[in-house]
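Okay, here's what each chain looks like letter by letter:
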Amino acid sequence: MLGIQARKSNQVKSNRVKESIGDRIFLGGIYLFLLLLLVIILFPLIYIVSSSFSSALAVSSGRVFLFPVEFSLRGYEVALSNPQIVTGYANSLFYTFFGTIISVTLTIAIAYPLSRRTFYGRNILMAFLVFTMLFNGGLIPTYLVVKTLGMLDTRWALLIPAAMGVWQIIIARTFFQSSIPDELAEAAELDGCGDLRFLWSVVLPLSKPIIAVLILMYAIFQWNSYFDALIYLKSTELYPLQLVLRGILILNTTASGSMDAQTMLERQQMADLLKYSLIVVSSLPVLIIYPFVQRYFTKGILIGAVKG
Amino acid sequence: MRTIEVGLPTKQPSTLKSSQFHLAKKSVKRHWQLYLLIFLPVLYFIVFKYIPISNAVIAFKEYNVVQGIWGSQWVGFANFQAFFSNPVFWTLLQNTFFLSLYSIVVGFPIPIILALCLNEIRQGFFKRTVQMVTYAPYFISTVVMVSMIILLLSPRLGIINQAIGVFGISSVDFLGNPDMFRHIYVWSDIWQTAGYAAVIYLAALAGIDPTLYEAAKVDGASRFQKIIHVDLPGIMPTAAIILVLGVGNIMAVGFEKAYLLQNPLNLSNSEIISTYVYKTGLLNADYSLATAVGLFNSVINLTLLLMVNSFIKRISGNGLW
């Protein structure tokens, strides 16, 4: 892909010499449009980050616009000293770490056999998987299964029921199919190397890019999801961060009691600031891995698109 | 596999069966480790995808916890009738449909336009920045996304209201206005996913045969003509598939964002089928009714997808499968 892009940019360059006025205006318009888009997307993000580094008073009096006003880390101090948030953060790390391990392992365990041409029944198996993309039992029937298994209100409810995605299986299968030649597997077989050993010591080391894609996809999904936690969990000490955030950011549950007007006002201002800081804190892990995400996610989409 | 399929018509059914059986036996013997490997994943799909489908029979029953799924009394289509005759039925259908339609009408062309624009400009810092920035919001979680919407649109201190306040307009409670719900939902979605959706079109554009551009140049095509006559036809197959998926899933609006954006004031437009299923099923514990509603929705969806797919197949020769 890079090669093609490079070729294309050369082409554009050679075009530029005799570009007509109409074309130059058109191109100018495109630059302007993209610049506008950039501003529209960046502004809310910058505004949120700047607010989170401002003082509570500056935020609630609406003085923040582009840069932090009265720089302060108070919002972060409050966020990180809130036991609910800290527990949620730890829980989310737990769910993301173990959930991703389970998801990636299971996905490879079915995607690799599906990629082997000599594996009898692969078409039926594929149909068996794809059907679940088209039709599902729905919320309540799935809930009843989780309930029957005794997973309700346990950590398992977030690790197992949504462990696998058919889309991810297809991506992994397509990758194996196109990058592990059948001849290699046959040669290994002739040498007395079993399928599992071949998978472990030949396929996996050759498949680091797809493993990275799967890890990122599942990890981000797990970190960002709140729905399963909402329906399966009751105990707040099991809540992942997203559900804690929902309580604080959307339902506005702040501890209130009898207090005078002054503390009330301060508390309200603090609650406003806290929201901005929380948004930043909760998105931090994804932000840190974003460079990898950008690289590998694109790859994943493209492998999937080959099939589509 | 392929050679067997080709050989199918010439063989007798009986020998076919036995040769298939023979093949299966050989494969199991050769790949027994792989069959072992798929055991857990297959079990996962049976337990979490296929058993729920069989559990959906409670849509035709009056489910109660004591008698369980199979012991509960059959009631035929009573749950469906109750739903269809409920005045909320048409509201739900309309809300779901219009929200989805709006999403497609706006959400389909914008990523294409973005990709076409990005494709026009030179590789370099600006292009990389635009791509990086437009792609990033996709990874913001729904909870955070909705919180951002609420904060930015807040009548008390949201930046949008402050901005229009400058022009002397009094602050507007955007989220409290049912008429604004669809706009907020759809446009925030575009803000979040346009960059991500454009990636696939960029790949399609990169795959266009360079000789076509050369030819267009020789013919003296302008940039705009080149987009219309080379770029657009080049991405048409990709766009068609994405449109099929969109139309096929028109009744399957996700629960997550709509539920978080809901409040008592905008409910008349924001209550959609999936949020209704959640509320009747899990909050009111009316399992049977909620399952019936969900099943109704799934069946409509599947029908739509099959219809759209066969339609596309007829006109373009290849659909999704």
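About the thresholds
Residues numbered from 1 in each chain as written. Chains lettered and ligands numbered in written order. Predicted model: local features only at pLDDT ≥ 70, side-chain atom pairs only at ≥ 80, totals over all residues. Heavy atoms only, no water. Helix = DSSP H or I, 4+ residues; strand = E, 2+ residues; numbered from the N terminus. Rg over C-alpha atoms; globule rule 2.2 N^0.38 Å. Buried < 20%, exposed > 50% of the residue type's maximum accessible area, 1.4 Å probe, protein only. Contact = heavy atoms within 4.5 Å. Areas by Shrake-Rupley, 256 points an atom, 1.4 Å probe, with all protein chains shown as cover. Lys, Arg positive; Asp, Glu negative; His and termini not counted. Charge placed at Lys NZ, Arg CZ, Asp CG, Glu CD. Buried area = accessible area lost by both parts, 1.4 Å probe. Salt bridge = Lys/Arg side-chain N within 4 Å of Asp/Glu carboxyl O. Polar contact = N/O pair within 3.5 Å; in protein donor to acceptor, adjacent residues only side chain to side chain. Domains from an automatic or database assignment. Expected span 1.5 Å × (residues − 1). Arc of directions from axis to C-beta. Axes fitted to C-alpha atoms, helices over the stretch in contact; angles between N-to-C directions. Parallel < 35°, antiparallel > 145°, perpendicular 65-115°, else oblique. Nonpolar A, V, L, I, M, F, W, Y, C, P; charged D, E, K, R; others polar. Core = buried A, V, L, I, M, F, W, Y, C linked by side-chain atoms within 4.5 Å. Phe/Tyr/Trp six-rings, centres within 6.5 Å; stacked < 30°, edge-to-face > 60°. Lys NZ or Arg CZ within 6 Å of the ring centre and 35° of its normal. Left-handed = near helix turned anticlockwise from the far one by under 90°.

Peer 1: Help me out: how do you make sense of the overall build of chain B in this one?
Peer 2: Helix and strand counts for chain B come out as 18 helices and two strands. What you see for chain B is a C-alpha radius of gyration of 26 Å, clearly larger than the 20 Å of a compact globule of 321 residues, by over 25%. Summarising its shape, the C-alpha atoms of chain B cover approximately 80 × 65 × 40 Å along the three principal directions. Classification of the 321 residues of chain B by burial places 47% in the buried group. Residue pairs at least 24 apart in sequence account for 62% of intrachain contacts in chain B once pairs closer than 6 positions are excluded. Approximately 15800 Å² of chain B is accessible, and the part contributed by carbon and sulfur atoms is 68%. In chain B, which carries 21 positive and 13 negative side-chain charges, the distance between the mean positions of the two groups comes to 14 Å.

Peer 1: Would you take a moment to explain the side chain of N55(B) for this structure?
Peer 2: With respect to the secondary-structure elements, N55(B) resides in helix α4 (residues 39–55). Using a relative accessible area of 5% as the deciding quantity, one classes N55(B) as buried. Beyond its immediate sequence surroundings of up to four residues, N55(B) is in contact with P141(A), L144(A), V145(A) and I69(B).

Peer 1: Looking at this structure, I do not really get the interface of chain B and chain A. What am I missing?
Peer 2: When the parts of a complex come together, some accessible area is lost, and that lost area is often used as the size of the interface. On the chain A side, the residues contacting the 100 residues of chain B number 108 residues. For the pair chain B and chain A, the summed buried area comes to about 9600 Å², and 73% of that belongs to carbon and sulfur atoms. Looking only at chain B, the three residues that lose the most surface to chain A are F48(B), F139(B) and R223(B), adding up to 8% of its buried area. The partner of E189(A) in a salt bridge is R30(B), with the nearest N and O atoms 2.6 Å apart.

Peer 1: Would you mind showing me how to read the environment of S52(A) here?
Peer 2: Residues and elements named next belong to chain A. Counting through the fold element by element, S52 comes out in helix α2 (residues 21–52). By relative accessible area, which is 0% here, S52 ends up buried. Each C-alpha atom of the pair S52 and I101 lies 33 Å from the other, and the pair is 49 residues apart in sequence. Every residue in contact with S52, bar those within four places of it in the chain, is listed here: S72, Y76, L273, Y276, S277 and V280. Looking at S52, its side chain comes within polar contact range of the main-chain oxygen of V49, at 2.6 Å.

Peer 1: I'm lost on the domain arrangement of chain B in this one. Help?
Peer 2: If you check the domain split of chain B, you get domain 1 (1–37), domain 2 (40–76) and domain 3 (87–316). A C-alpha centroid distance of 45 Å is found between domain 1 of chain B and domain 3 of chain B.

Peer 1: Could you clarify how one ought to interpret helix α6 (residues 122–134) of chain A in this entry?
Peer 2: It helps to recall that an α-helix has 3.6 residues per turn; residues three or four apart then point in one direction. End to end, α6(A) covers 19 Å across 13 residues, agreeing with the expected 18 Å (1.5 Å per residue, within 8%). Listing the buried residues of α6(A) in full gives R122(A), L125(A), M126(A), L129(A) and T132(A). Taken around the axis of α6(A), the buried residues stretch over an arc of 120 degrees, which confines them to a single face. Elements that come into contact with the buried residues of α6(A) comprise α5 (83–115) and α9 (166–179) of chain A together with α4 of chain B.

Peer 1: For this particular structure, what's the right way to read the pattern of salt bridges?
Peer 2: Side chains that carry opposite charge are capable of pairing whenever their charged atoms lie near each other. All names here are of chain A. Taken as a whole and judged by the stated rule, the model has nine salt bridges over all chains. A salt bridge links E189 to R116, with the nearest nitrogen and oxygen atoms 3.9 Å apart. Residue E189 is found in helix α10 (residues 182–190), and its partner R116 is found in the loop between α5 and α6; the two are separated by 73 residues along the sequence. Exposure remark for R116: the relative accessible area of 4% places this residue in the buried category.

Peer 1: Explain the packing of α9(A) against helix α12 (residues 208–224) of chain A to me, please; I cannot follow it from the model alone.
Peer 2: Between two packed helices, what matters for the description is the angle formed by their axes and the separation of those axes. Residues and elements named next belong to chain A. Axis separation between α9 and α12 bottoms out at 10 Å; the angle between their running directions is 175 degrees. By the criterion of interaxial angle, the relationship of α9 to α12 is roughly antiparallel. Contacts from Q168, I171, A172, F175 and F176 of α9 reach α12 at P209, I210, L214, M217 and Y218. A per-class count over the contact of α9 with α12 returns nine nonpolar, one polar and no charged.

Peer 1: Looking at this model, I keep getting lost on the nonpolar core. Mind explaining?
Peer 2: Soluble, globular proteins show a tendency: their nonpolar side chains are buried together. Among the nonpolar cores identified, the biggest contains 188 residues, and I110(A), F176(A), I210(A) and Y278(B) are the most heavily contacted of them. Looking at this core, the element that brings in the most residues is helix α12 (residues 178–206) of chain B, giving 14 residues. For I110(A), the residues in contact, after removing those within four places along its chain, are L125(A), L129(A), M164(A), I169(A), I38(B), P41(B) and V42(B).

Peer 1: It is not clear to me how the packing of aromatic side chains should be interpreted in this structure. Could you clarify?
Peer 2: By the definition in use, this model includes 46 aromatic pairs over all chains. Ring centres of F128(A) and F45(B) lie 6.4 Å apart, and the angle between their planes is 65 degrees; this geometry places the pair in the edge-to-face category. Highlighted residues: F128(A) in helix α6 and F45(B) in helix α4, drawn from two different chains. On the accessibility criterion, F128(A) (21% relative accessible area) is partly exposed. Pairwise contacts between aromatic rings join F128(A), F131(A), F135(A), Y44(B), F45(B), F48(B) and Y50(B) into one cluster. The cationic tip of K257(B) hangs over the ring face of Y185(B); the distance from NZ or CZ to the ring centre is 4.8 Å.

Peer 1: Got a minute to help me understand the environment of Q192(B) in this structure?
Peer 2: Residue and element names in this part refer to chain B. For Q192, the position within the fold is in helix α12. A relative accessible area of 8% means that Q192 is categorised as buried. A C-alpha to C-alpha distance of 4.8 Å links Q192 and P137, two positions 55 residues apart in sequence. Apart from the residues within four sequence positions on either side, Q192 is in contact with P137, Y138, I140 and M145. Within the structure, the side chain of Q192 is placed 3.1 Å from the backbone oxygen of P137, a separation counted as a polar contact.

Peer 1: What exactly am I supposed to notice about the packing of helix α13 (residues 210–218) of chain B against helix α14 (residues 223–248) of chain B here?
Peer 2: Residue and element names in this part refer to chain B. At their nearest, the axes of α13 and α14 sit 10 Å apart, and the two run at 150 degrees to each other. Between α13 and α14, the crossing angle belongs to the class labelled roughly antiparallel. Between α13 and α14 the crossing geometry is right-handed. Here L212, Y213 and A216 of α13 come into contact with α14, specifically with K226, V230 and D231. A class-by-class count of the residues in the contact of α13 with α14 yields four nonpolar, no polar and two charged.

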